[in-house]
Amino acid sequence: MSKYPSGKRKSIKSPVAKRVKASENPSSYVLRMLLASSPYYVSGSLLAQKLKMSRVGVWSRINKLRRQGLSIDASQNRGYRLAAEPDLLNQPLLEAWMRESGKTCKVFVHDEVDSTNSFAERLLANGEKGPFAVLANSQKEGRGRLGRSWHSPRGGNLYLSVGFMPNVDILKLRSFTLWQGIQIATLLRSLTGIEGISVKWPNDLVHDKGKVGGMLTEASIDCERVRSLVFGIGLNVNCPLKRFPSSLAKISTSLEDLKGESFRIHEIAAKVIKATLTGYAACLKGETEKNLVGKWNELDALADRRVVVSGGKKKMVGTARGIDSSGALQLKLKNGRTKAIQAGEVTLKE
Ligand code: BT5
């Protein structure tokens, strides 16, 4: 649970009250008002007035939200407030955060799946139109690249996939994962205040203390056109690293580990979904080309570091010098030449 600090009642004037339309489902309206005013209280009479119902009616909506797993404090003089947000996914709360963040899409929330990427792929194959998001509290077969697995314990971390049906030329999406990495690292820096969150070519979110997240983009391509696309991200948020196998805990970190405090998983999920949808739209509009290299350089964990690049049986040692406009890693070799690496594994040279 991410607890809110205690607070007195703040008057809910416009624009908050105006942003929330009383025509929507009453429980969802109450939840959004609670969210908009948290950690403060919203008066029961204001809710009753906005919803045109009795205070008993409001009270029954509050109880409905409690039954859905939300912790709501009630105080006779002050009204109601969200006391804490659960670490386990709660669909109404996620949808309320998505509306707050200003960008929504259909969401599928599950307790456990094999892999959110696989689940999204099946939805696309069965005719579900993108974009939509699939989230789970845990994954039994969370995966990374090249058959590697993604450790996905239940509760507190983010396992999210967004499905799209782009039907565009493959070139438009060639830097898609790099671009999404930039968007999400930038978002996490500003949301958490953790300045050291960086991108590691091609698909990692890292900090000096270890890997905090990984991205996996999978596409079905037909005649040079991307028909369907699934963007998956695993992000270590609040789940204690002691629930990781010790060999993995040594090379991993989490937002909570880095900041020393827990984060609201629903807020992070909603904002990561928004960043993903916005990043995708920018790729389709061709807006990424001119900014890709500069933005990557600002966040590049490998900049000027001695690295080993392996791909297949080959290994190369050199100095990482950012990326080019196609997204290829620039590796400066001992002989002074620079080699563009399209795919491979990069590790820091000891
Ligand atoms: C990745 O692969 O980093 C991409 C991971 C994408 C996971 C998300 S979760 C939601 C969606 N559904 C899925 O099934 N997948 C996506 P790669 O670069 O291959 O890195 C994999 C390596 O990261 C593993 O071999 C471990 O060394 C390490 N690793 C595994 N789990 C980790 C974790 N929770 N935190 C940090 N590192 C981890």
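To be clear, the structure that these remarks concern was listed above.
Conventions adopted
- Residues numbered from 1 in each chain as written.
- Predicted model: local features only at pLDDT ≥ 70, side-chain atom pairs only at ≥ 80, totals over all residues.
- Heavy atoms only, no water.
- 1 Å grid on protein atoms, 1.4 Å probe; cavity = no way out; pocket = protein on both sides within 12 Å on 5 of 7 lines; lining within 4 Å.
- Points joined across faces, edges and corners; volume = space filled by probe spheres on them.
- Helix = DSSP H or I, 4+ residues; strand = E, 2+ residues; numbered from the N terminus.
- Nonpolar A, V, L, I, M, F, W, Y, C, P; charged D, E, K, R; others polar.
- Domains from an automatic or database assignment.
- Contact = heavy atoms within 4.5 Å.
- Pairing = 2+ DSSP bridges.
- Axes fitted to C-alpha atoms, helices over the stretch in contact; angles between N-to-C directions.
- Near = heavy atom within 4 Å.
- Polar contact = N/O pair within 3.5 Å; in protein donor to acceptor, adjacent residues only side chain to side chain.
- Areas by Shrake-Rupley, 256 points an atom, 1.4 Å probe, with all protein chains shown as cover.
- Core = buried A, V, L, I, M, F, W, Y, C linked by side-chain atoms within 4.5 Å.
- Buried < 20%, exposed > 50% of the residue type's maximum accessible area, 1.4 Å probe, protein only.
- Expected span 1.5 Å × (residues − 1).

### Quick notes on the layout of surface pockets
Okay, so step 1: Quantified by volume, the largest pocket comes out at close to 1100 Å³.
Okay, so step 2: As for the largest pocket, its lining consists of 49 residues, and the residues nearest its centre are Lys200, Asp204, Val206, Lys211 and Ile251.
Okay, so step 3: For the lining of the largest pocket, the leading source of residues is strand S10 (residues 210-222), giving 5 residues.
Okay, so step 4: Looking at the lining of the largest pocket residue by residue, the classes come out as 16 nonpolar, 20 polar and 13 charged.
Okay, so step 5: Shared between two domains, the lining of the largest pocket takes at least three residues from each, and those domains are domain 2 (91-297) and domain 3 (302-348).
Okay, so step 6: Quantified by volume, the second largest pocket comes out at close to 610 Å³.
Okay, so step 7: Considering the residues around the second largest pocket, the lining is formed by 26 residues, among which Leu173, Arg174, Phe176, Thr177 and Thr217 are closest to the centre.
Okay, so step 8: Of all elements in the fold, only helix H7 (176-192), S10 and strand S11 (225-235) reach the threshold of two or more residues within the lining of the second largest pocket.
Okay, so step 9: Among the elements that take part in the lining of the second largest pocket, S10 stands out by supplying 6 residues, more than any other.
Okay, so step 10: Class assignment of the residues belonging to the lining of the second largest pocket gives a composition of 15 nonpolar, 8 polar and 3 charged.

### Some remarks on the environment of Ile323
Okay, so step 1: Structurally, the position occupied by Ile323 is in strand S13 (residues 314-323).
Okay, so step 2: Each C-alpha atom, one on Ile323 and one on Trp296, is 7.6 Å from the other, the two residues being 27 residues apart in sequence.
Okay, so step 3: Other than its neighbours up to four places away in sequence, Ile323 contacts Leu178, Trp201, Leu292, Val293, Trp296, Asn297, Ala328, Leu329 and Gln330.

### Considerations on the sheet that holds strand S15 (residues 338-341)
Okay, so step 1: Across the sheet, 5 strands lie side by side as S15-S14-S13-S12-S16; this open sheet has antiparallel pairing. The sheet is open, and its two edges are formed by S15 and strand S16 (345-348), each paired on a single side. For this sheet the average axis-to-axis angle between neighbouring strands, irrespective of direction, equals 45°.
Okay, so step 2: The pairing of strand S14 (residues 329-332) with S15 spans 4 bridges and is classified as antiparallel. Each residue of the ladder has a partner; that of Leu329, found in S15, is Ile341.

### Focus: the site of the ligand
Okay, so step 1: For the ligand, the set of nearby residues contains 28 residues, the closest of which are Ser115, Arg143, Arg145, Arg148 and Lys211.
Okay, so step 2: Between Thr116 and the ligand, the recorded distance is 3.0 Å, taken from a side-chain N or O atom to a nitrogen atom.
Okay, so step 3: Within the contact set of the ligand, a nitrogen atom lies 3.0 Å away from a side-chain nitrogen or oxygen of Gln139.
Okay, so step 4: Notes on the ligand: free accessible area 790 Å², of which the protein chains cover 92%.

### Quick word on unusual backbone geometry
Okay, so step 1: The step from Ser38 to Pro39 runs through a cis peptide bond, and the omega angle for that step is 10°.
Okay, so step 2: Residue position: Pro39 is located in the loop between helix H2 (26-37) and helix H3 (44-51).
Okay, so step 3: Note that the residue after Gly130, namely Pro131, is joined by a cis bond; omega there is -10°.
Okay, so step 4: Checked against the element boundaries, Pro131 lands in the loop between helix H6 (116-125) and strand S5 (132-139).
Okay, so step 5: Within the chain, Leu146 stands out as a residue other than glycine whose phi angle is a positive 50°.
Okay, so step 6: In this fold, Leu146 is placed in the loop between S5 and strand S6 (158-164).

### Some details on the nonpolar core
Among soluble globular proteins, nonpolar side chains are generally buried collectively.
Okay, so step 1: Ranked by size, the top nonpolar core spans 82 residues in total, and within it Leu135, Leu158 and Leu255 carry the most contacts.
Okay, so step 2: Counting residues per element, this core draws most heavily on helix H10 (residues 265-284), at 11 residues.
Okay, so step 3: If near-sequence neighbours (up to four positions away) are discounted, Leu255 is found in contact with Leu188, Thr192, Ile194, Ile197, Val212, Leu235, Asn236, Val237, Gly260, Glu261, Phe263 and Ile268.
Okay, so step 4: Counting residues in hydrophobic clusters, the runner-up holds 10 residues, among them Phe108, Ala120, Val134 and Val230.

### A closer look at H10
Okay, so step 1: Over its 20 residues, H10 runs 29 Å from end to end, which matches the ideal 28 Å to within 8%, given 1.5 Å per residue.
Okay, so step 2: Here H10 lies mainly inside the structure; 15 of its 20 residues are buried.
Okay, so step 3: Within two residues after H10, Gly286 carries a phi angle of roughly 75°, on the positive side.

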